[in-house]
Amino acid sequence: MTLPQRVAHIVKHGMSYLHPCVYGELNSKGALADIASDLEREIALLCPGRDAKAVVDEFIGRLAEVRRLVETDVSAAYDGDPAATSRMEVVMAYPGLYAVTIHRLAHELYRLGVPILPRVMSELAHSKTGIDIHPGATIGERFFIDHGTGVVIGETTVIGRNVRLYQGVTLGGLSFAKDSSGALVKGVKRHPNIEDNVVIYANATILGGETTIGHDSEIGGNVWLKDSVPPNSRVYNQQPAPVVKSIPA
């Protein structure tokens, strides 16, 4: 199998552990054993010289917290969408929940310094849902992406708790610094901070590593921001004035 195919197996086992009633294995210990076995093999191949078993043990030790976070995401989706009829529907049919669940797994591997695997995991979610979340992004509990298609969340984005995004939202970089040779400078903060209890509506774009959206704010649809917004703000574009004319019969 190719690396993406092998990573897809790891994702499948992870989803089985986090959502056992939907993705398969009701035996959590069996799912954990499968995750551990597959990950240890891949990390040994990608990271010669590292103790692959120790890395995997650390990852497995974090999964209880990942499961707790994912449960808060399910609740946020159910509580925040009037169309949701049950939590089971959210798990089975909401692309935002699927993408965020994979992100929470990939993020832990990213934090552990595992190369390539987290990025491939995020791309698997991206290809299936249209939601592109870099595994480096830090996301608090009760995170909900409604609809989701076209959402982009950059590597150094930091998102607080109880944040909701709609389709087409971009949390991106404003510009990319270069060194004296013209090469991009890596490892710097490039993407915005979104504080607690923020709602960002469809197709809004928020850019820059120094940009912070203050807590309890609402960012309206199609807004374009590169400057910080204080807490308890409402940001929106001026209402357009469409002209409606009758067409002669």
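Refer to the structure printed above.
Conventions and cut-offs
- Residues numbered from 1 in each chain as written.
- Predicted model: local features only at pLDDT ≥ 70, side-chain atom pairs only at ≥ 80, totals over all residues.
- Heavy atoms only, no water.
- Pairing = 2+ DSSP bridges.
- Helix = DSSP H or I, 4+ residues; strand = E, 2+ residues; numbered from the N terminus.
- Salt bridge = Lys/Arg side-chain N within 4 Å of Asp/Glu carboxyl O.
- Buried < 20%, exposed > 50% of the residue type's maximum accessible area, 1.4 Å probe, protein only.

Regarding the sheet that holds strand β6 (residues 164-165)
- Here 5 strands make up an open sheet; going across it, the order is β3-β6-β9-β12-β14 and the pairing parallel. Of all strands in the sheet, those with a lone pairing partner are β3 (144-145) and β14 (234-235), marking the two edges.
- Across 2 bridges, strand β9 (residues 199-200) lies against strand β12 (residues 218-219) in parallel orientation. Paired with Val199 across the bridge in β12 is Glu218.

Comments concerning the sheet that holds strand β8 (residues 193-194)
- Here 4 strands make up an open sheet; going across it, the order is β2-β5-β8-β11 and the pairing parallel. Two strands close off the open sheet at either side, each with one partner strand: β2 (138-139) and β11 (212-213).
- The pairing of β2 with strand β5 (residues 158-159) spans 2 bridges and is classified as parallel. Its bridge partner lying in β5, Ile139 is registered against Ile159.

Overview of the pattern of salt bridges
- The final tally for this structure, using the stated rule, is 14 salt bridges.
- Residue Arg6 pairs with Glu42 through a salt bridge whose shortest N-O separation is 2.5 Å. Note that Arg6 is positioned in helix α1 (residues 3-18) and Glu42 in helix α3 (residues 28-46), a separation of 36 residues in sequence.
- Here Arg6 falls in the partly exposed class, since its relative accessible area comes to 21%.
- Judged by relative accessible area, which is 1%, Glu42 ranks as buried.
- Of the charged contacts in the structure, one is a salt bridge between Asp73 and Arg104, with a shortest N-O distance of 2.7 Å. Of this pair, Asp73 sits in helix α4 (residues 52-80) while Arg104 sits in helix α6 (residues 95-111), placing them 31 residues apart in sequence. For the residue pair Asp73 and Arg104, the accessibility class agrees, reading buried in each case.
- Each member of the salt-bridge network shares a partner with another, and the members are Arg6, Asp38, Arg41 and Glu42.

Bear in mind that shape data such as this cannot, by itself, settle questions of function.
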